[in-house]
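Take a look at the letters that make up each chain.
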Amino acid sequence: MSDVWEGMGAPECLEEECGVFGVFAPGEDVARMTCFGLQALQHRGQESAGIAVGDGETVVVAKDLGLVTQVFDEAALAALPGEVAVGHVRYSTSGGSASWEAAQPHISAIDDVLIALAHNGTLVNTNAIRAQLVGEGVPFRSATDSEVAAKAIGYATRQTHHLREGIRYAMETLEGAYAMVLASPDSLYAFRDPHGIRPLCLGELPDGRGWVVSSETCGLDIVGARYARDVAPGEVVRINADGITSEQAVPAREPAACIFEYVYFARPDSIIDGQSVYQARRSMGRILAREAPVEADLVLGVPDSGVPAALGYATESGIAFTDGIVKNRYVGRTFIQPTQEMRQLGIRLKLNPLPEVIAGRRLVVIDDSIVRGNTSRKLVSMLRDAGAAEVHLRIVSPEVTWPCFYGIDTDTRDQLIAANMTLDEMNAWIGSDSLAFISLEGLREAVADVRHPGFCEACFTGDYPVAIPAAVAKRSFLTRREQEAGAAEARRG
Ligand code: SF4
């Protein structure tokens, strides 16, 4: 069945989404703080980076393609003085591939006042809103959902003369996942969709120097801010010279925080909704060891997210943990793409095994997820080439059988291996000696300490907290077998 999977467009693995950061701190170098915050969030997006700064009079934005350190140097930061800033790192999940126009923050004009918006997540209903705004003469520079949000807020603010009303209008109108930060010339706003799908937390700088918002707490840590709380679903937080205010702009709906943040997206040193990501990953490994035990000599984790889970699996199973795979941390999605020849080296660009550790040994290999399966297949082959006697794959997420429409790039069902093969077929195709996934109940148990009372689990269950438009569902929800059956039916008919 291998041909089925070669050369298709879906990502090899789950791609990160975006990261947002904001700071209100008069008298501080807010652009530099935002630059540091974005570096802490760089794992969430490597295609572009941007910072917008409000100086009390106006808002200025600087953004470009590349990593944070490629986009911002001393001169660029020195040109961004102000008291409030928002920043963004992007991986393109909506609006096509990387382009300057799609980079964020997006600027929107309210008469002669500018605002800048940075968005993590994906909106599912922007086509009609965009068409309406275009009809009203609102100009667009990109095809992104995030620019629609920025322009919708600007448009509604012009009508109502109140930025908070503009934000409320957007929150009432836009559907999907959003954690947003917005800078006006003198204020910072942070708001989150009514399900709280994507994370957003609030922190306070020492000595009353100001406030920080970030996709993850690792963004607070890097600027010395103390974690205060998470922004609540449907809440708008405003911070300016008058202090910090909170408003429930739209009613919270059934909680649906993305459970994959704990599995893969978030940094292990982050705390989301009260739960340590590192501890959650250790628990996933422990639970998986109970659910899917195997006779083996060594446990190893696929760096980075598989390593804490491998430690948990080793602790629970009593099998020794080892570092058997080394990661090259400096290969990423940058301007410099590997050549086709280099790409054929496959995952060796990123991962390299240690033959002296694994040769002749029976391995339990812990990974976070399987999307198309190609990476797992190459990994198993690479470990066998390095002399592994057996390779038993253990995955700390359940089978990904449905695409994500809330900020993760998993495309359509026909490209997800677990939606198209049985467990035995997957094991045979990947080439592992055995393959097992954690159960959904097991994953829930691993994040059980979390304060958030409900999760989005749609990529495992197809139960989407925000309805997916029928046209998108029609295109995205068919497995390969269902597509082939439909085509055969059409030929017969
Ligand atoms: S579908 Fe999956 S990846 Fe997407 S938000 Fe829901 S849990 Fe997260």
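Residues numbered from 1 in each chain as written. Predicted model: local features only at pLDDT ≥ 70, side-chain atom pairs only at ≥ 80, totals over all residues. Heavy atoms only, no water.

Okay, the nonpolar core next. The biggest cluster of nonpolar side chains holds 55 residues, and the ones touching the most others in it are Phe260, Tyr262, Met284, Val299, Ile366, Tyr406 and Phe460. Residue assignment for this core shows that the elements contributing at least two residues are strand 14 (257-258), helix 9 (260-265), helix 10 (277-291), helix 11 (306-317), strand 21 (362-367), helix 17 (440-446), strand 24 (455-456) and helix 18 (458-461). With 6 residues, helix 10 is the largest single contributor of residues to this core. Beyond its immediate sequence surroundings of up to four residues, isoleucine 366 is in contact with Val299, Leu300, Gly301, Val302, Gly306, Ala309, Ala310, Tyr313, Arg394 and Val396. (Core = buried A, V, L, I, M, F, W, Y, C linked by side-chain atoms within 4.5 Å. Buried < 20%, exposed > 50% of the residue type's maximum accessible area, 1.4 Å probe, protein only. Helix = DSSP H or I, 4+ residues; strand = E, 2+ residues; numbered from the N terminus. Contact = heavy atoms within 4.5 Å.)

So, about the UniProt feature "active site" (unreviewed entry) in the protein chain. Under the feature "active site" (unreviewed entry), the UniProt entry names Cys18. Summarising the element assignment, cysteine 18 is placed in strand 1 (residues 18-24). If sequence neighbours within four positions are ignored, cysteine 18 has contacts with Arg44, His88, Val89, Arg90, Tyr91, His119, Asn120 and Ser215. (UniProt positions renumbered as here; feature names shortened; annotations may be inferred.)

Another aspect to go through is the environment of arginine 192. Within the secondary structure layout, arginine 192 lies in strand 8 (residues 188-192). In the structure, arginine 192 is positioned 87 residues away from glutamine 279 in sequence and 25 Å away in space, judged by C-alpha atoms. One polar contact links the side chain of arginine 192 to the main-chain carbonyl oxygen of glycine 196, over a distance of 3.2 Å. (Polar contact = N/O pair within 3.5 Å; in protein donor to acceptor, adjacent residues only side chain to side chain.)

This part takes up the UniProt feature "binding site: [4Fe-4S] cluster" (unreviewed entry) in the protein chain. UniProt annotation of "binding site: [4Fe-4S] cluster" (unreviewed entry) refers to Cys258, Cys404, Cys456 and Cys459 when read in the numbering used here. Despite a sequence span of 202 residues, these residues sit close together in the fold, their greatest C-alpha distance being 10.1 Å. Examined against the element boundaries, cysteine 258 turns out to sit in strand 14. Look at cysteine 258 and you get buried, because its relative accessible area is 10%.

Our next topic: the site of the ligand. By nearness alone, every residue bordering the ligand is listed as Ile197, Arg198, Cys258, Ile259, Phe260, Cys404, Tyr406, Ile408, Cys456, Ala458 and Cys459. Residues of the shell around the ligand, tallied by class, amount to 10 nonpolar, no polar and 1 charged. (Near = heavy atom within 4 Å. Nonpolar A, V, L, I, M, F, W, Y, C, P; charged D, E, K, R; others polar.)

Alternating positions in strand 17 (residues 298-301) separate into two faces, Leu298 and Leu300 on one and Val299 and Gly301 on the other, with burial throughout. In this sheet, strand 18 (residues 320-321) lies alongside strand 17 in parallel orientation, the contact comprising 2 bridges. Among the inter-strand pairings, valine 299 is bridged to a residue of strand 18, identified as phenylalanine 321. On the question of chirality, the crossover connecting strand 17 to the parallel strand 18 by way of helix 11 is right-handed. For strand 17 and strand 21, the ladder comprises 4 bridges, and the chain directions are parallel. Paired with glycine 301 across the strands is isoleucine 366, a residue of strand 21. (Pairing = 2+ DSSP bridges. Right-handed = clockwise from strand over helix to strand, strands pointing away.)

What follows covers helix 6 (residues 145-160). Across its 16 residues, helix 6 extends 23 Å between first and last C-alpha, which sits within 8% of the 22 Å expected from 1.5 Å per residue. Summarising burial for helix 6: 13 of the 16 residues are buried, a large majority. Positive backbone phi, approximately 65 degrees, marks histidine 161, located one or two places after helix 6. (Expected span 1.5 Å × (residues − 1).)

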